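Given next are the chains, with one letter for each unit.
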Amino acid sequence: MDALTRRALGTVPRPADWGARLRWLADRHGGRVAVILVVAYTLYASSVLGFTPARFWVGLTHGGVFLGRLFPPDFATRWSDIQFDMLESVEIAVLASVVGIAASLPMGLLGARNLMPAWITWPVRGVISVCRSFHPVIVGIVFVKAIGFGPLAGVLTLAVASVGFIGKLFTEAVEEISLKQVEAVRATGASFPNVLIFGVLPQVTARFVGFSTYQLDSNLRNSTILGIVGAGGIGGTLFAAFQRFDYNIVCAIVVIIVALIMVGEIVSEQVRKLFQ
Amino acid sequence: MNPVTLDIRDLTKAYTRHEPVLRGVTVTLDSEGITAVIGPSGAGKSTLLRCINRLVEPSSGQVLFKGVDLTRLHGQALREARRRIGMVFQEFNLVERLSVIENLLSGRLGYLAPWRAWLRKFSESDIQRAFDLLERLGLGDFGAKRADALSGGQRQRVGIGRALMQDPELLLADEPTSSLDPKTSVEIMETMAGLARERHIPVIVNMHDVALAQRFADRMIGMTDGRIVFDGAPDRLTTEVLASIYGGEAWMH
Amino acid sequence: MSQVGTGIAREWRRFAPRERMGRSAVYIATVLAVVLSIRSIQIIPEFLRDTPEQIADLLVRMWPVDWRFLVSAAVGAMIETIHIATLGTLATLVLAFPLGVMAARNIVANPAARLGAKLLLVASRSVNSLVWALFFVAVFGPGALAGTVAITFRSIGFVGKLLGEALEEAAPGPIEAMVAVGAPWPSVFLKGYWPQVKPAFFSILLLRWDINVRESSVLGLVGAGGIGLVLDSAINVFQWRAVAAVLVMILVVVLLAEVAVTWLRKRVI
């Protein structure tokens, strides 16, 4: 209650509860303080990074010129290369997704604390955590250096990324299930696999499909750029075109990538609906 | 001589060292018929039931099911024993995303290999039995419906059906009517008691509602504070006995 | 489904015919895609077999980890990375807001405007932040400015889309009440929509910040500032122990960011 009411009622606020005091202050002034902090940070960080209005202005003029050089997109000149690399990117995404999804199902189950003992869940969760902490590009670089250039590095990279993403979310989903349903299946004398199949999985299948289709999209996006570090696909061609200042080809490649991703999103949506 | 159906000897369960939930419970169950366990919350009724099929691990004591000590079993042997004991739950505990027919068939999971369970390849006779049971339960049109589309009473009927699909030799019911309205509670008790008598399956049922228990039970067991304090016919349940079980008379008026 | 009547065998089908066709189609398509991919992808089987060995070899070369490298070269770049991620997310806050609002079905009536906003959002999402970085390095020159703008452009699509969806899910009741009493539109928005979407909005922003910290760490590879360049240089001269140190640092920062996000979500939202 506010100070006025309190005074009217004749009660005096307890002095020593700092937690409550701070919360009250935060509620009252939090919004304003937050805005001030944000603005202050923006100014600080901008100066640390060397942003000046002059650089923006120069950039904008460059930007105009750059845009002009992008259009019209040139599909023809390196069409066979583009076609081959694009297909390779799709193949990388498909294989990585299949491997990743297949691996995530058991990993996710093994990481669930309501199903498995701690000596299993801790290492599994640790592995999943490491898998998702690094950007796929970084993982790609490491794989390329370890096993060489080419699509194999790309497939492994994205499989690792998939396990990291799906594994974590799937484990969380499994930990949220109703154990009552599981208990009932156990009571019928079902074996552990059967308990999983009939008691656990039906509760989480829809979400698993959702995560998997999302990851398929994500893999499609990432496979198009992994080529920049040599892991196969259209990324390499894109990067090379950039370095040659062949901006019309760059534009064509980006257009194709965007189109591919949009198609991927539509397909994923359909698959998701089918498996609800 | 055939061994008794259920012979519980000195069963104790303590979650923490100083608070035993079951204190040396000893009781035998031989005939068919409905045995109702009544008592206040925390008396140990639910724990007693769950110790029988070992959904809860007893701390000590024996549970002899037709001569076999269930407390000594592990792994495959335990599962085979569980197959012979059906259980009905207070909150129905159906797998909500599965259809009614799948829930019924899940009673046969103790007999199915995992790959068959995955592909839902139940035997033809199992499937026909499930349909028969569906009709018998008055749910003939609900087979393909998802379990969470059913009302409470309908769900409990499926729960009873699932337990019966196991072809059990004993039926445990843990507060099967506590989540249902009075009218549906009576219907469920009629369904369960009727089907169990038909198939000569003894039933142990926990209940809050003493009147309902008296109406359907052949034998009543009163528990308080982890001990059995009454064991006899329903008509011997006098006010004094009830007072000793539940403590205090105020609630009875 | 089941046919009632004695003597007639009853059938149980788990899925309706159309569902089954659809599911079969997906399975077949998946198998086809996998088989075709394996056949045409140029993966040399020997390389595949060697993989565990090669990875083990690499891990051995990363030990013991060279922590001093962090102090001498990497920490500053890491801080720069965090600034890039944060500034980029803040800029997104400003720019994604109008686009998200415009994409919401229940706010903007003009379908052409909505479509336009949606297209911009899709385009922003579909271009990878690394590609945006390439663009902006060409525009602004190498450095953190290109990286920050790239992060912003990539995030606008993500935040805008989720914001639009959150707005579309807002309960119509309070809005109708305000419109009915003739409240001016800014008021309707501030008092009607905003309180409902505020928790979702901040949640989305925090989520995107978390992702951006990870994304910013690689932008340096194409010259857009941050730790990426340091990492790339160390890798190119095969200083694996230094690489390991940088990777661990990135790992720690990402984990801390996640902890921070979880904490902030509980306290603020």
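Residues numbered from 1 in each chain as written. Chains lettered and ligands numbered in written order. Predicted model: local features only at pLDDT ≥ 70, side-chain atom pairs only at ≥ 80, totals over all residues.

Enquirer: What exactly am I supposed to notice about the overall build of chain C here?
Expert: Across its full length, chain C holds 10 helices and 0 strands. Overall, chain C shows an N-to-C arrangement of helices and strands of α-α-α-α-α-α-α-α-α-α. Since a compact globule built from 269 residues should have a radius of gyration of about 18 Å, the 26 Å found for chain C marks it as more spread out than a globular shape. The dimensions of chain C, computed from C-alpha atoms along their principal axes, are 70 × 70 × 35 Å. Among the 269 residues that make up chain C, the fraction classed as buried is 40%. Put simply, 72% of the contacts in chain C that link residues at least 6 apart link residues at least 24 apart. (Helix = DSSP H or I, 4+ residues; strand = E, 2+ residues; numbered from the N terminus. Rg over C-alpha atoms; globule rule 2.2 N^0.38 Å. Buried ≥ 20, exposed ≤ 12 C-beta atoms within 10 Å, placed from the backbone. Contact = placed C-beta atoms within 7 Å.)

Enquirer: Sorry if this is basic, but what is going on with the overall build of chain B here?
Expert: Summing up its helical and strand segments, chain B has 9 helices and 10 strands in all. For a compact globule of 253 residues, the expected C-alpha radius of gyration is about 18 Å, and chain B comes in at 18 Å, within 12% of that figure. Dimensions of chain B along its principal axes, counting C-alpha atoms only, are 55 × 40 × 40 Å. Among the 253 residues that make up chain B, the fraction classed as buried is 45%. Contacts in chain B between residues far apart in sequence, at least 24 positions, make up 69% of those at least 6 positions apart.

Enquirer: I would appreciate a short explanation of the interface of chain A and chain B in the present structure.
Expert: A common way to report how large an interface is uses the accessible area buried once the components associate. Each side of the interface is counted separately: chain A has 18 residues, and chain B has 24 residues. Mapped onto the side of chain A that touches chain B, the elements with two or more residues apiece are helix H8 (179–187) and helix H9 (192–223) of chain A. Taken together, the residues that form the side of chain A that touches chain B break down as 8 nonpolar, 7 polar and 3 charged. (Nonpolar A, V, L, I, M, F, W, Y, C, P; charged D, E, K, R; others polar.)

Enquirer: I tried to follow the interface of chain C and chain A on my own but got confused; where do I start?
Expert: With 49 residues of chain C in contact, the opposing surface of chain A contributes 43 residues. The element that contributes the greatest number of residues to the side of chain C that touches chain A is helix H1 (residues 17–40) of chain C, accounting for 8 residues. A per-class count over the side of chain C that touches chain A returns 32 nonpolar, 12 polar and 5 charged.

Enquirer: What should I look at first to understand the nonpolar core in this one?
Expert: What tends to happen in soluble globular proteins is that the nonpolar side chains get buried as a cluster. Counting residues in each nonpolar core, the largest one holds 218 residues, and the members touching the most others are A:Ile253, C:Leu130, C:Ala133, C:Phe136, C:Ala150 and C:Val246. Setting aside residues no more than four positions away along its own chain, C:Ala133 makes contact with C:Ala146, C:Gly147, C:Ala150, C:Leu219, C:Val222 and C:Ala224. (Core = buried A, V, L, I, M, F, W, Y, C linked by C-beta atoms within 7 Å.)

Enquirer: In this structure, what is going on with the pairing of strand E10 (residues 227–232) of chain B? I would like to understand it.
Expert: Within a regular beta strand, the side chains point alternately toward one face of the sheet and then the other, so they alternate between its two faces. Residues and elements named next belong to chain B. In terms of strand pairing, strand E9 (residues 219–224) meets E10 through 5 bridges, oriented antiparallel. Bridging from a neighbouring strand, Met-223 pairs with Ile-228 of E10. Here E9 folds back onto E10, and the loop between the two strands holds 2 residues, one of which, Asp-225, carries a positive phi near 55 degrees. (Pairing = 2+ DSSP bridges.)

Enquirer: What am I meant to see in unusual backbone geometry here?
Expert: Peptide bonds are mostly trans, and most non-glycine residues show a negative phi. Look at the link from A:Phe71 to A:Pro72: it is a cis peptide, with omega at -5 degrees. Along the chain, A:Pro72 turns up in the loop between helix H3 (53–70) and helix H4 (79–110). A cis amide bond links C:Trp63 to the next residue, C:Pro64, at an omega of -5 degrees. Its identity as a non-glycine residue notwithstanding, B:Asp10 has a phi of 55 degrees, on the positive side. The class of B:Asp10 is partly exposed, set by 13 C-beta atoms lying within 10 Å.

Enquirer: Before we go on, may I ask you to explain the sheet that holds strand E8 (residues 203–207) of chain B in this structure?
Expert: Working definition: the strands of a sheet are paired by backbone hydrogen bonds and lie parallel or antiparallel to each other. Residues and elements named next belong to chain B. Spatially, 6 strands are ordered E6-E7-E8-E3-E9-E10 in an open sheet, and the strand pairing comes out mixed. With one partner strand each, in any of the chains shown, strand E6 (85–88) and E10 form the two edges of the open sheet. In this sheet, adjacent strand axes meet at a mean angle of 20 degrees when their direction is disregarded. Strand direction decides the pairing type here: strand E7 (residues 170–173) and E8, joined by 3 bridges, are parallel. Bridge assignment links Leu-171 to a residue of E8, and that residue is Val-203. (Axes fitted to C-alpha atoms, helices over the stretch in contact; angles between N-to-C directions.)

Enquirer: In this structure, what is going on with the sheet that holds strand E5 (residues 68–69) of chain B? I would like to understand it.
Expert: Residue and element names in this part refer to chain B. With respect to topology, 4 strands assemble into an open sheet ordered E2-E1-E4-E5, the strand pairing being antiparallel. Each end of this open sheet is capped by a strand with a single partner; those strands are strand E2 (19–29) and E5. Two elements, strand E1 (residues 6–16) and E2, share 7 bridges in a ladder whose sense is antiparallel. Note that in E2 the partner of Lys-13 across the bridge is Leu-22. Against the sheet, helix H1 (residues 45–52) engages E1, E2 and strand E4 (60–65), with an angle of about 60 degrees to E2.

Enquirer: I'm lost on the packing of helix H3 (residues 68–103) of chain C against helix H6 (residues 144–168) of chain C in this one. Help?
Expert: Think of two packed helices as two axes; the pair is described by the angle between the axes and how far apart they sit. Residues and elements named next belong to chain C. Between H3 and H6, the shortest axis-to-axis distance is 6 Å and the interhelical angle comes to 40 degrees. Judged by the inter-axis angle, H3 sits oblique to H6. Once H3 is placed against H6, the crossing between them reads as right-handed. Class assignment for the residues of the contact of H3 with H6 results in 15 nonpolar, 10 polar and 1 charged. (Parallel < 35°, antiparallel > 145°, perpendicular 65-115°, else oblique. Left-handed = near helix turned anticlockwise from the far one by under 90°.)

Enquirer: What am I meant to see in the confidence of the model for chain C here?
Expert: Should pLDDT be low for a region, the predicted coordinates there are not to be read in detail. All names here are of chain C. Overall, the predicted model of chain C reaches an average pLDDT of 85, with 96% of residues at or above 70. Predicted confidence is poor over residues 1–8, with pLDDT under 50, and the contacts of this stretch with residues over four places away or in other chains come to 8 contacts. With pTM at 0.83, the complex prediction returns an ipTM value of 0.89. (pLDDT = per-residue confidence, 0-100.)

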